[in-house]
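Architecture and fold: a report
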Amino acid sequence: MKFAAAIALAALTSVNAFVAPKANRAATQLAMSDYRTSVRDNVDVGVGGPLAGGMGGRDLAEIWDNSSPVIVQGGSLRTWSFANPAIESVQVLLKTEGRPLDADVELWQGPDNTPHKMRVYVEDGALRTFNAVIGTPRGPNTVAIRNIGQLEFPLDAVVRPDRDDGLAANIASVAQRSETIQGGALRTYPFNPTVDSVAIILKTDGRPLNARIELLQGPNNNKQVVELYTEDGLDRPFFAIVETPGSGNVVRVVNTAPVEFPLYASVDAYRVGGGGDWADDGLMIGRAF
């Protein structure tokens, strides 16, 4: 009996000798974005970050103060060329002295090639400036801004390279929620009065991007409208900051493409003011997803 027990014990010991040791699965903070060269290539864009929730963010007034705006008179066209292929995205900022802003923004890449187009309308270009980042991979690229307003409605424009730690990085760090908007569908995002500005990211899986972004304040009262086209929503995603002063602000995103061309939208509070018994993320309680 003792002999049989000894044999069984030896057999179990020999089996355990062939069991592979368990790997040490210590959690790490390594992310794929650590190996990317720009925010535009980051597959995790839209998942939140250190500025998530809209608290903080880069001050747009600082960008205006550190730049030299170019005046674009009504009916005229101005261009900005970027020959350096290392510039993968540029900031486009537009404002007026309080008059309406109506402009066409295009990205030119080679002869008769316009991979990015925007039609921008803002009711008050001083209260709600237009702030966006567009992708410019594989230079040279040229950004063209045409003021399609009348001569009495000039606008100020700033077009400059966006660095890896620039405006697009800040927008990506606060845009937490990402949802699919099928072709022909729309989504609305109401915000409470404490939200001063909203971060928006629109992208696709490589298909063309056709969308309409509206800022509503009251029934059918458009304060800002952006009609957007991008030939490749993965190579050239759209980043924007929409200023939302006052109360009753609703951001509406419409996918104007056919049903075969869905898009992915991330809309979140970028800068939140003080006061008010509201949710921490700045979104109105009872919002439907």
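Here the structure is a predicted model, which is why all the values come from computation and not from measurement. (Residues numbered from 1 in each chain as written. Predicted model: local features only at pLDDT ≥ 70, side-chain atom pairs only at ≥ 80, totals over all residues. Heavy atoms only, no water.)

Examining the sheet that holds strand S3 (residues 89–95)
Strand order in this open sheet of eight strands is S1-S8-S3-S6-S14-S11-S16-S9, and the pairing throughout is antiparallel. In the strand order of this sheet, the two ends are held by strand S1 (70–72) and strand S9 (179–181), each with one partner. Averaged over all pairs of adjacent strands, the angle between strand axes in this sheet comes to 25°, irrespective of strand direction. (Pairing = 2+ DSSP bridges. Helix = DSSP H or I, 4+ residues; strand = E, 2+ residues; numbered from the N terminus. Axes fitted to C-alpha atoms, helices over the stretch in contact; angles between N-to-C directions.)

Digging into the pattern of salt bridges
Evaluation of the coordinates by the stated rule reveals ten salt bridges. With a shortest N-O distance of 3.4 Å, Arg207 and Asp205 are connected by a salt bridge. In this structure Arg207 comes out as partly exposed when scored by relative accessible area, which is 36%. Each of Arg138, Glu231, Asp235 and Arg236 takes part in one network of salt bridges that share partners. (Salt bridge = Lys/Arg side-chain N within 4 Å of Asp/Glu carboxyl O. Buried < 20%, exposed > 50% of the residue type's maximum accessible area, 1.4 Å probe, protein only.)

Points about the pairing of strand S5 (residues 116–122)
Only one face of S5 is covered, namely the one carrying His116, Met118, Val120 and Val122; the face carrying Lys117, Arg119 and Tyr121 has none of its residues buried. Relative to S5, strand S4 (residues 101–108) runs antiparallel, the two sharing seven bridges. Each bridged residue has a counterpart across the sheet, and for Leu101 the counterpart in S5 is Val122. Here S5 runs beside strand S13 (residues 222–230); their pairing, made up of seven bridges, is antiparallel. By the bridge assignment for S13, Lys117 is matched with Tyr229.

Structural notes on the sheet that holds S13
The strand order S2-S7-S4-S5-S13-S12-S15-S10 describes an open sheet built from eight strands, whose pairing is antiparallel. Among the strands making up the open sheet, the edge pair consists of strand S2 (77–82) and strand S10 (186–191). Pairs of neighbouring strands in the sheet enclose a mean axial angle of 15°, with direction left out of account.

Here's the deal with the nonpolar core
If you look at the biggest cluster of nonpolar residues, it comprises 45 residues, and the most contacted ones within it are Leu94, Val143, Leu202 and Val251. Ranked by residues supplied to this core, first place goes to strand S16 (residues 263–272) with five residues. Apart from the residues within four sequence positions on either side, Val143 is in contact with Arg78, Thr79, Trp80, Phe82, Val90, Val92, Val105, Glu106, Leu107, Ile134 and Val159. Of all hydrophobic cores here, the second largest spans 17 residues; its members include Leu60, Leu93, Val133 and Phe239. (Core = buried A, V, L, I, M, F, W, Y, C linked by side-chain atoms within 4.5 Å. Contact = heavy atoms within 4.5 Å.)

Side note on helix H3 (residues 167–174)
The element H3 is largely enclosed, with a buried count of eight among its eight residues. All of the buried residues along H3 are Leu167, Ala168, Ala169, Asn170, Ile171, Ala172, Ser173 and Val174. Those residues of H3 that are buried lie in contact with helix H2 (60–65), S3, strand S6 (130–135), strand S11 (195–203), strand S14 (238–243) and S16.

Some points on the pairing of S6
In summary, the side chains of a regular strand alternate between the two faces of the sheet. Buried residues dominate S6, accounting for six of its six residues. Pairing analysis gives five bridges linking S6 to S14, with the strands arranged antiparallel. Bridging across to S14, Val133 finds its partner in Phe239.

Brief notes about unusual backbone geometry
Within the chain, Asp112 stands out as a residue other than glycine whose phi angle is a positive 55°. On the secondary structure map, Asp112 appears in the loop between S4 and S5. One non-glycine residue, Asn220, lies in the positive phi region at around 55°. Here Asn220 lies in the loop between strand S12 (209–217) and S13.

Digging into the confidence of the model for the protein
This prediction gives the protein a mean pLDDT of 79; 73% of its residues lie at or above 70. The low-confidence segment residues 15–57 (pLDDT under 50) makes 70 contacts with residues lying over four places distant or belonging to another chain. Overall, residues 275–289 carries pLDDT values under 50, and its contacts beyond four positions in sequence, including any with other chains, amount to 26 contacts. (pLDDT = per-residue confidence, 0-100.)

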